[in-house]
Structures are given as structure tokens and as C-alpha cells.
Amino acid sequence: MITFKKARELQEYLDQHRRKNEDIGFVPTMGALHDGHLSLLKTSLKENKLSVCSIFVNPAQFNDPTDFKKYPSSIDDDIFKLETNGCDILFLPTVGEIYPGGFNVKRNYDLGYLDTILEGEFRPGHFQGVCMAVEKLLQIVQPNKLYLGQKDYQQCMIVARLIQLMNLQEKINVRICPILREKDGLAMSSRNMRLNNEERAKAPALYETLIFLRQNIRNGSLRDIKKEATERLQKRGFKTDYVEIANAKTLKPINEWDARTNIVGLIAAHIDNVRLIDNMMLN
Ligand code: AMP
């Protein structure tokens, strides 16, 4: 694996390969890598001649500075995992490399309603910050295929929108990969490292609530089932930001279901100081 810290050097290297028509797959991450991240890398390795993984904890996307400070970091371990899983290239930029003019110069991406619902409502400015980093990373790497996890369902839609805004939809193929879970159903996440034993034992409740929704969903009003799911989580000690059922294609919340529209259940909930998200297709 070759590690690049400078965008220019990475670009020069990738250009040589592009000239030979080699496909480039790209897996952007914020590090503290787990098997979920590695599953994206494995898919990229299968589908491309070259796979680039980036590790960049993007300060612009943290609406809560404490969350940024506490974001787990395990760079030596990450490098070992990438090496042993066959990653070709690691891009490890500094904040200055991605934001030479600083990251407080806010951009305004036209993300429409996606920017203000669900994660956008509870983390104002989050997706604008995501777009700042992803735009820059895509300009540097110029991948043929981009690998994203369904774990961040709304983020996948935001990035697809960003690619449209950048007019790159013909050039970049977005691949959405399934959520990898622990044995007890907890979706793998870098933030899980911050759970103590007691919190970790409670954490599968998000998954269990999604299963409850999937098993009990009926056509007609969804008000009661959303309420019951929320109460189940609260009874187990969670503070819920949202328990929502949405149109799987548009992410618009659904209150009356026709039993045909594809729907997704989405949850964001805090267990003490750790905020977890999860989602599941419900039909
Ligand atoms: P992050 O490092 O949290 O920014 O995640 C980097 C990429 O890995 C994103 O596209 C995530 O959606 C994806 N990812 C995170 N957790 C999982 C998981 N449990 N299963 C599959 N992909 C994941």
C-alpha cells in the first residue's frame, strides 16, 4: 500500500494509471476502521484495478465540537487493517490539505429538503460540511466508482445529489453497500468504541426496534407504530432524536402507507453521550 499525504502527489500517481484506462475505486472514511469499512474496500478491490481509501476526520461536518474532539482515532491500527486487506492506496490528508483556505468559509450546496430533515434537522449544517469534504476528495481522486455504506442512508442520497451538482453523474458510479452488523445486530460504527460495557449491552435496541417495525408494519396510519417504537427505545434508556418511516427513494416521511411504496425505517438515538444511527428497509 502506498500512502499519500499530499493531494498533488496522489493525483499525479492516479493520472498515470488513468492513462492506462485502469478503473479507480474510492472508499472515503473518517478512520477508526471496522469490518463495515473493510467490506466497502473489499467490494472496491473486486470491481477496480486500483482502490483508494481515504482517512480524513472532517472538522466541517461536526456541528458539535465535543463530538469532533472525541471522535475515535486509531491510525496505526487502521493502516494495518488496510494493508492486510489489500488496499492499494491510502490518502491521509491534513485539514490544511483539504481546506487550504480554512473550513469556516461555508459553502452553500443546494441539497433541498434532504438538508433539513432527519439528520439535517438534528445536526444543522452537517451535510453542508460533508459536501465540502466529499467535493474536494472527489476532485482529487476522480474515481470511476465510489463506495458508500447504507448505514448512512441519508448521506448516500446527499452524496448522489452532490455528484449531480458537480455534474459528474456520468463519470462516477455510486455503489451503496449493505450495513455490516455485530452478532447481536448492532450496526458497526466507529462510535461504538465509545460505549462502555453497560451502554454496549443496551445498544442493539436500535436494531431490535427496526426489526419490530419491519415485523409489525401494516398499511394505513403509521402514527401508532412510530410512537410505540419510540417508547420502546425510551424505556430502554435512550433519548431519541427520531424514529421515522420514510419513502426509501425520496426519504420523505410517511404517515399513511399504501403497502406498496418501498419504505425504510430510520433511527437516531442517544445512549448517554453517544449518538447512534441505524436504518433498515421495512418491506
Ligand atoms: P465513516 O468513517 O463513519 O465516515 O464511514 C465511512 C463509510 O463507511 C461510509 O460510507 C459509511 O456509510 C460506511 N460504513 C460505516 N459503518 C458501516 C457499516 N456498519 N457497514 C457498512 N458500511 C459502513
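Structure first, text after, so check above.
Residues numbered from 1 in each chain as written. Predicted model: local features only at pLDDT ≥ 70, side-chain atom pairs only at ≥ 80, totals over all residues. Heavy atoms only, no water.

**Q** Hey, could you run me through the sheet that holds strand 10 (residues 263-271) in this one?
**A** Across a sheet, strands are paired by hydrogen bonds formed along the backbone, either parallel or antiparallel in direction. With antiparallel pairing, the 3 strands of this open sheet are ordered in space as 8-10-11. Each edge of the open sheet carries a strand with a single partner, namely strand 8 (239-247) and strand 11 (274-281). Looking at each pair of strands side by side, their axes are set apart by 10 degrees on average, direction ignored. Packed on one face of the sheet, helix 10 (residues 205-216) meets strand 8, strand 10 and strand 11 and runs near 30 degrees to strand 11. (Pairing = 2+ DSSP bridges. Helix = DSSP H or I, 4+ residues; strand = E, 2+ residues; numbered from the N terminus. Axes fitted to C-alpha atoms, helices over the stretch in contact; angles between N-to-C directions. Contact = heavy atoms within 4.5 Å.)

**Q** What am I meant to see in the packing of aromatic side chains here?
**A** As enumerated under the stated definition, the model contains 6 aromatic pairs in all. Ring geometry for Phe62 versus Tyr71: centroids 5.6 Å apart, planes at 70 degrees, classification edge-to-face. The two residues Phe62 and Tyr71 agree in class, both being buried. A centroid spacing of 5.9 Å and a plane angle of 40 degrees characterise the contact between Phe122 and Tyr242, whose relative ring orientation is tilted. With Phe122 in helix 6 (residues 119-122) and Tyr242 in strand 8, this residue pair connects regions lying 120 residues apart in the sequence. The buried category is assigned to Tyr242, whose relative accessible area is 10%. Of the aromatic side chains, those joined through ring pairs into one cluster are Phe56, Tyr99 and Phe103. In this structure, Arg232 packs its charged tip against the face of Phe212, placed 3.9 Å from the ring centre. Lys252 extends its terminal NZ or CZ atom over the ring of Tyr113, reaching a point 4.5 Å from the ring centre. (Phe/Tyr/Trp six-rings, centres within 6.5 Å; stacked < 30°, edge-to-face > 60°. Buried < 20%, exposed > 50% of the residue type's maximum accessible area, 1.4 Å probe, protein only. Lys NZ or Arg CZ within 6 Å of the ring centre and 35° of its normal.)

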